[in-house]
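Architecture at a glance
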Amino acid sequence: MAGVRFVARQLHTEYATRHDTKLDSVVSVRHALLALLSEGPKYGLQLREEFEVRTGEVWPLNVGQVYTTLQRLERDGFVESDGAGEGPQKAFQITDSGAAELAGWLRLPPDLSSPPRDELVIKVLVAIRLPGVDVHEVIQVHRRYLVQLMQEWTRIKESSAESDVNLALAVDAELFRLDSVVRWLDSADGRLKRAAVDGQIRPAGQVQPDRAPLPKQRRRIGARG
Amino acid sequence: MSVLELRVVSKVYGQGAAEVRALDQVSLSVDEGAMVAVMGPSGSGKSTLLTIAGTLEEPTGGQVFVRGADLAGLSRNEKARLRRRTIGYVFQDYNLLPGLTAAENVSLPLELDGWSARKARAAGLAVLEELGLADRAERYPDQLSGGERQRVAIARAVVGGRQLLLADEPSGALDSVNAEGIMRLLHEACKGKRAGAAGGRMAAVVVTHDAQLASWADRVVFLRDGRVTDQTVPAPGPESLLTQGRPQ
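Residues numbered from 1 in each chain as written. Chains lettered and ligands numbered in written order. Predicted model: local features only at pLDDT ≥ 70, side-chain atom pairs only at ≥ 80, totals over all residues.

What follows covers the overall build of chain B. A tally of helices and strands in chain B yields 7 helices and 10 strands. If one aligns the C-alpha atoms of chain B with their principal axes, the spans along those axes are about 55 × 50 × 35 Å. Counting all 248 residues of chain B, 42% fall into the buried class. Look at the contacts in chain B between residues 6 or more apart in sequence, and 70% of them connect residues 24 or more apart. (Helix = DSSP H or I, 4+ residues; strand = E, 2+ residues; numbered from the N terminus. Buried ≥ 20, exposed ≤ 12 C-beta atoms within 10 Å, placed from the backbone. Contact = placed C-beta atoms within 7 Å.)

To continue, consider the sheet that holds strand β10 (residues 227-231) of chain B. Residues and elements named next belong to chain B. In space, the 6 strands of this open sheet follow the order β6-β7-β8-β3-β9-β10, with mixed pairing throughout. Strand pairing shows two members of the sheet lacking a second neighbour, β6 (87-90) and β10, which therefore form its edges. With direction set aside, neighbouring strand axes in the sheet form an average angle of 20 degrees. Running over the sheet, helix α1 (residues 46-53) touches β3 (35-39), β7 (164-168), β8 (203-208) and β9 (219-224) and is turned about 155 degrees from β8. The strands touched by helix α6 (residues 176-190) are β3, β7 and β8; relative to β8, the strand with the most contacts, the crossing angle is about 155 degrees. (Pairing = 2+ DSSP bridges. Axes fitted to C-alpha atoms, helices over the stretch in contact; angles between N-to-C directions.)

All names here are of chain A. What the domain assignment lists for chain A is domain 1 (18-107) and domain 2 (119-202). In this assembly, 5 residues from domain 1 lie in contact with 5 residues from domain 2. Residues of the side of domain 1 that touches domain 2, tallied by class, amount to 1 nonpolar, 2 polar and 2 charged. (Domains from an automatic or database assignment. Nonpolar A, V, L, I, M, F, W, Y, C, P; charged D, E, K, R; others polar.)

With that out of the way, let us pick up the packing of helix α6 (residues 119-128) of chain A against helix α7 (residues 135-159) of chain A. All names here are of chain A. Running from N to C, α6 and α7 point in directions that differ by 160 degrees, and their axes come no closer than 9 Å. In terms of orientation, α6 and α7 fall into the roughly antiparallel class. As α6 packs across α7, the resulting crossing turns out to be right-handed. Packed against α6, whose contacting residues are L120, K123, V124, A127 and I128, the element α7 presents V135, V138, I139 and H142 at the interface. (Parallel < 35°, antiparallel > 145°, perpendicular 65-115°, else oblique. Left-handed = near helix turned anticlockwise from the far one by under 90°.)

A separate point is unusual backbone geometry. It is generally the case that most residues other than glycine have a negative phi and that most peptide bonds are trans. Residue and element names in this part refer to chain B. Positive phi values are uncommon outside glycine, yet N95 reaches one of about 55 degrees. Within the fold, N95 resides in the loop between β6 and α3 (102-112). Its identity is not glycine, yet D225 carries a phi of approximately 50 degrees, on the positive side. The topology assignment puts D225 in the loop between β9 and β10.

Moving on to the sheet that holds strand β4 (residues 61-66) of chain B. Each strand in a sheet pairs with its neighbour through backbone hydrogen bonds, running either in the same direction (parallel) or in the opposite one (antiparallel). Residue and element names in this part refer to chain B. If you walk across this open sheet you meet the 4 strands as β2-β1-β4-β5, and the pairing is antiparallel. Edge positions in the sheet fall to β2 (20-31) and β5 (69-70), since each has one partner strand and no second. Contacts from α1 reach β1 (2-13), β2 and β4, with the element oriented near 120 degrees to β1.

Put simply, chain B has an average pLDDT of 88, and 91% of its residues get 70 or more. Low pLDDT, under 50, characterises residues 238-248 of chain B; the stretch is placed with 10 contacts to residues that sit more than four places away or in other chains. (pLDDT = per-residue confidence, 0-100.)

The subject of this paragraph is the packing of α3 of chain B against helix α4 (residues 117-130) of chain B. Residues and elements named next belong to chain B. Running from N to C, α3 and α4 point in directions that differ by 125 degrees, and their axes come no closer than 8 Å. Overall, the two elements α3 and α4 adopt an arrangement that is oblique. Considering the relative orientation of α3 and α4, their crossing is right-handed. For the pair α3 and α4, the contacting residues are A102, A103, V106, S107, L110 and E111 in the first and A117, A120, R121, A123, G124, L125, V127 and L128 in the second. Per-class residue counts for the contact of α3 with α4 are 10 nonpolar, 2 polar and 2 charged.

Written as C-alpha cells, this is what we have:
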C-alpha cells in the first residue's frame, strides 16, 4: 500500500484545478475528521490512520495537519478535548454544533458554479494563436500524458483485491476526473478542427475584421481562480 | 511473438474527388499477451483498422500478418479458417443469436469448424464456467442482462483457444461498473489468467473512444484522420514517478 500512497502524492496535484486544492486542504479534511469523531472520541494519531484507511490510502495526511485542523475545530466549538493530556494523549470528541455542521456540509453542493482557473485551458487557448505551434500537437501531448496517468491508476485498481471498495472508490474518483479532462481535450480538438475548416481561426498577427467586443458574461469566464 | 502486425497499411474508399482515405500508412504490432487500445474520434479509422485486422476487408496498400502469415497470400478458404480458429470478435451490440442459448452461442463457432456437437458443447460450457456464467448456460440472450450478454460474447470469441481478440467498443452499451468488468475480463484473457489460457496467451486489440476503458490496455495507440499520431509509453513503476515532471 506504500506504493499507492506514493503515487497519489505525486499525481494528485497534476491537472488539478484551484477548486480541487482549495476543497482538499480546507474543507474536506475538516469535515472528514468531524465524521470520524461522530463515531466516538478519538486521538489525533488514530484519526490520521482512520482517515487514510477510509479514503483507500489515496489521500495521505500528515499528523501536523490533523492537529492544526483539530485546533481550529476546537476554536470554532465543533469539537472539544478531554484535556486529560497533552499532544498525542489528548482525546477529542464532537460537539452538538459540530454534528450540525457535519450534517449541513454533507448536503452542501460543492462550489462548481464559477469556472476554476484551469492551467490546461489556458495553455490550449494560448497555443491556438501562437506562431509555429500546432495546437493539435499540444492537445495530444496532454492527452497522452493523461491517458498514461489513467493507466497507472487502473493498474492500482487492478492489482488490489476486488473487495477493496474504499480504494476502488477513491481511484474511480481520480479516473473520472482525469477522464473529464481528456473529454474536454477531445472536444477542443474537434471544435478547433471545425473552426479551422470554417476559417474562424487565423494565424497570429492577423486582425479579425468585424470583431464585436465580447459580451460581459463571456469576459468573466476564467476570471476567477 | 507478434500475433498481429500491420505494415504501412492504407485503406482508400472511392476515387477522385470522392476519395476517402480511411487508413493512411498505419503500422502496428501486437505481441502475444498484450492488450492494445486504439483511441480516436469518430471517423478516425478505428473500425476500418479492426475489420482489416480481422480479414473482413482487404487493405488497398501495405501488408497484414496474423501469427506471421501474410494475409495477402491466403486463399478465401484459408482466410475463413483463420477467422474461425484464430480470431475472435466482440461487438458493442453483442451480436448473439437470439434463438440459441448461451451455451449454444458459445459452441457454435466450434461446430462450424467441424467439432462434434458433444465436444463443442463441453468446450463452450468450460469457458462459460471460467467466466462465471455456468448457471446462465441454458438461458437465451433475452433472459440475460447486458453485462452477461457481453460476457457470453467474450466466451464465444475466446472459445477453442483463439489467439487474437478484436473488440469494437465492447462495453459501449454498459454502465461503468459492468464496463469495467468486461475490460478486466479482456485484460485477464490476454494475461492468461482466465479464458483462452489453454491455447496460450492471447493478444487483443480494443477500439474505443473512452479513455477509462483504454486505460486497461498495456498500450494505447492514438488514431487521427486515419493515421497513428501517437502512443502511450509503457507505464513506469510508481518509483519512477518521483522524478517525472509535467509534460513540457
